[in-house]
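So the chains spell out like this:
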Amino acid sequence: MANGQWFPQDWPDRIRALADGTLTPVTPKRAATVMLLKDTDGGPAVHMLRRRASMAFAGGAYAYPGGGVDPRDDEHHIRWAGPTRAWWAKRFGVDETEAQAIVCAAVRETYEEAGVLLAGETPDSVVGDTTGPQWETDRAALVDRELSFAEFLDRRGLVLRSDLLGAWTRWITPEFETRRYDTWFFVAALPHGQRTRNASTEADRTVWIRPEEAAVAYDKGELLMMPPTIATLRQLLPYATAAQALAAAPDRDLTPVLARARLADGEIVLSWPGHDEFTKHIPTDRPNDLATGGATA
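Since this is a predicted model, take the numbers as computed values, not measurements. (Residues numbered from 1 in each chain as written. Predicted model: local features only at pLDDT ≥ 70, side-chain atom pairs only at ≥ 80, totals over all residues. Heavy atoms only, no water.)

### Side note on the overall build of the protein chain
Formally: The helix and strand labels rest on DSSP assignments: H or I over at least four residues marks a helix, E over at least two residues marks a strand, and numbering proceeds from the N terminus. To sort residues, take the accessible area from a 1.4 Å probe on protein chains only and compare it with the maximum for the residue type: under 20% means buried, over 50% means exposed, and anything in between is partly exposed. Contacts between residues were defined by any pair of non-hydrogen atoms, one from each residue, lying within 4.5 Å. Here, Shrake-Rupley sampling with a 1.4 Å probe gives the accessible areas, and only protein chains in the shown set may cover a residue.
What the protein chain contains, in helices and strands, is eight helices and 14 strands. Here the protein chain holds 297 residues, and the buried ones make up 52% of them. For the protein chain, the share of sequence-separated contacts (at least 6 apart) that also reach a separation of at least 24 residues comes to 71%. Carbon and sulfur atoms form 48% of the exposed surface of the protein chain, whose accessible area is close to 13200 Å².

### Section: the sheet that holds strand E12 (residues 260–264)
In plain terms, the rule: DSSP-based pairing: two strands are paired if at least 2 bridges between them are found. Lines fitted to C-alpha atoms define the axes here, with helix axes fitted over just the stretch in contact, and angles between the N-to-C directions of these axes take values from 0 to 180 degrees.
Taken together, the three strands give an open sheet; going across it, the order is E12-E13-E14, and neighbouring strands pair in antiparallel fashion. Where the open sheet ends on each side, the last strands, each with one partner, are E12 and strand E14 (275–283). Across the sheet, the mean angle from the axis of one strand to that of its neighbour is 20°, orientation sign disregarded. Packing against the sheet, helix H1 (residues 11–19) makes contact with E12, strand E13 (267–272) and E14, and its axis sits at approximately 95° to E13.

### Topic: the packing of aromatic side chains
The cut-off we apply is this: Between the rings of Phe, Tyr and Trp (Trp by its six-membered ring), a pair exists once the centres lie within 6.5 Å; its type follows the angle of the planes, with under 30 degrees stacked, over 60 edge-to-face, and the other angles tilted.
Taken as a whole and judged by the stated rule, the model has twelve aromatic pairs. Relative to Phe92, the ring of Trp88 lies with its centre 5.4 Å away and its plane at 35°, an arrangement referred to as tilted. Remark: Phe92 and Trp88 occur in helix H2 (residues 85–92); sequence separation between them is four residues, near one turn of the helix. With respect to class, Trp88 is no different from Phe92; both count as buried. Measuring from centroid to centroid gives 5.4 Å for Tyr111 and Phe152, while their planes differ by 25°, and the two rings are stacked. A residue pair is termed long-range when its members are at least 10 positions apart, and Tyr111 in helix H3 (residues 96–114) and Phe152 in helix H5 (residues 149–156) qualify at 41 residues. Each of the two residues, Tyr111 as well as Phe152, counts as buried.

### Overview of the packing of H2 against H3
Put simply, the test is: If an angle is under 35 degrees, it is roughly parallel; if it is over 145, roughly antiparallel; if it lies from 65 to 115, roughly perpendicular; otherwise it is oblique. Residue classes follow a fixed rule: Ala, Val, Leu, Ile, Met, Phe, Trp, Tyr, Cys and Pro count as nonpolar, while Asp, Glu, Lys and Arg count as charged, and any other residue, Gly among them, counts as polar.
Where H2 contacts H3, the two axes come as close as 8 Å, and the packing angle between them is 90°. Considering their axes alone, H2 and H3 lie roughly perpendicular with respect to each other. In this structure, H2 contributes Arg85, Ala86, Trp88, Ala89 and Phe92 to the contact, and H3 contributes Glu96, Ala99, Gln100, Ile102 and Val103. Classifying every residue of the contact of H2 with H3 by side-chain character gives seven nonpolar, one polar and two charged.

### Regarding the nonpolar core
We count it as follows: Joining through side-chain atoms within 4.5 Å is the link that ties buried Ala, Val, Leu, Ile, Met, Phe, Trp, Tyr and Cys residues into a set, and such a set is a nonpolar core.
Counting residues in each nonpolar core, the largest one holds 40 residues, and the members touching the most others are Phe92, Leu117, Phe152, Leu165 and Phe186. Among the elements that make up this core, the one with the highest residue count is H3 (nine residues). Within the second largest apolar cluster, 38 residues are counted, among which are Ala17, Leu37, Ala214 and Trp272.

### Quick notes on the packing of helix H6 (residues 211–219) against helix H7 (residues 227–236)
Note the following rule: Handedness of a crossing is defined here by the sense of rotation of the near helix relative to the far one, left-handed for an anticlockwise turn of less than a right angle and right-handed for a clockwise turn.
Put simply, H6 and H7 touch, their axes get as near as 8 Å, and they point 140° apart. Relative to H7, the element H6 is oriented oblique. Once H6 is placed against H7, the crossing between them reads as left-handed. From H6, Pro211, Ala214, Ala215, Tyr218 and Asp219 reach across to H7, where they touch Ile230, Leu233, Arg234 and Leu236. Classifying every residue of the contact of H6 with H7 gives seven nonpolar, no polar and two charged.

### Regarding unusual backbone geometry
What you tend to see is this: most non-glycine residues have negative phi, and most peptide bonds are trans. Positive phi is not limited to glycine here, since Arg145 has a value of about 60°. Here Arg145 shows up in the loop between helix H4 (133–143) and H5. Relative accessible area serves as the criterion here: at 32%, Arg145 is assigned to the partly exposed category.

### Overview of the sheet that holds strand E7 (residues 159–161)
The three strands lie next to each other as E5-E7-E6, forming an open sheet whose pairing is mixed. Either end of the sheet is taken by a strand with one partner, and the two such strands are strand E5 (80–81) and strand E6 (119–120). Taken together, the two bridges between E6 and E7 define a ladder with antiparallel strand orientation. Residue pairing for E7: Ala119 is matched across the bridge by Leu160.

Keep in mind these numbers describe shape, not what the thing actually does.
In structure tokens form, the structure reads like this:
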């Protein structure tokens, strides 16, 4: 039975173009995404959203709240709690301003797409309720990029709680893709008193689901996911609580995962180092084979 692995239909042609030198890879943009967790009687559940079927990229696939880094958050010095910017910079292998922007992107996207805000009025508090007209006005301004996240925090007198995040893994979109992202994946626990909601215009459904249930549904072809999504779900399986996952994050390897494609013996071999389950062998005379094993969402 086919699993729920999602691939763009134009990948075979683009892989060939990359191999013969007629395709120049685009530079990946910085991005962040968050696996938001909450404890249940059966173990931690993760918050996922289903991308609208009309979306040009990964329509119908399940993913986490996430999006691109806003360059305006690089330089603006904000109120900050938890590990220092220098600590995050060392963790990511970037400078301090870039580290701040990456963490800001993770917190901002969780707020924009799930209505959950990892910030508080003091370094040891978290806002309890982010609903209401004024909150929604600010959230809409963030989505429209009329307001940077740093400006939003300043306006509301909030402290960003970087200690509520754990950097989990890093994936870079393959070189043959038209839109590329250098994405840091984080874990975070749902703050007490806050609730998730579908605040994203790009999603038509949100769910709380235990990683093992999502993985089984993917294996059956019932849930559609991109390789980084199912890979990170499987990585959460050993943890009995959200706190355990967060505690494990600082020791996680952040060496980026980047897909490789090569031509060999009349076929395209597509692989992700360290993730053998995603390896695909595509005969060169059957360019649409990537799409033949798709799943229903």
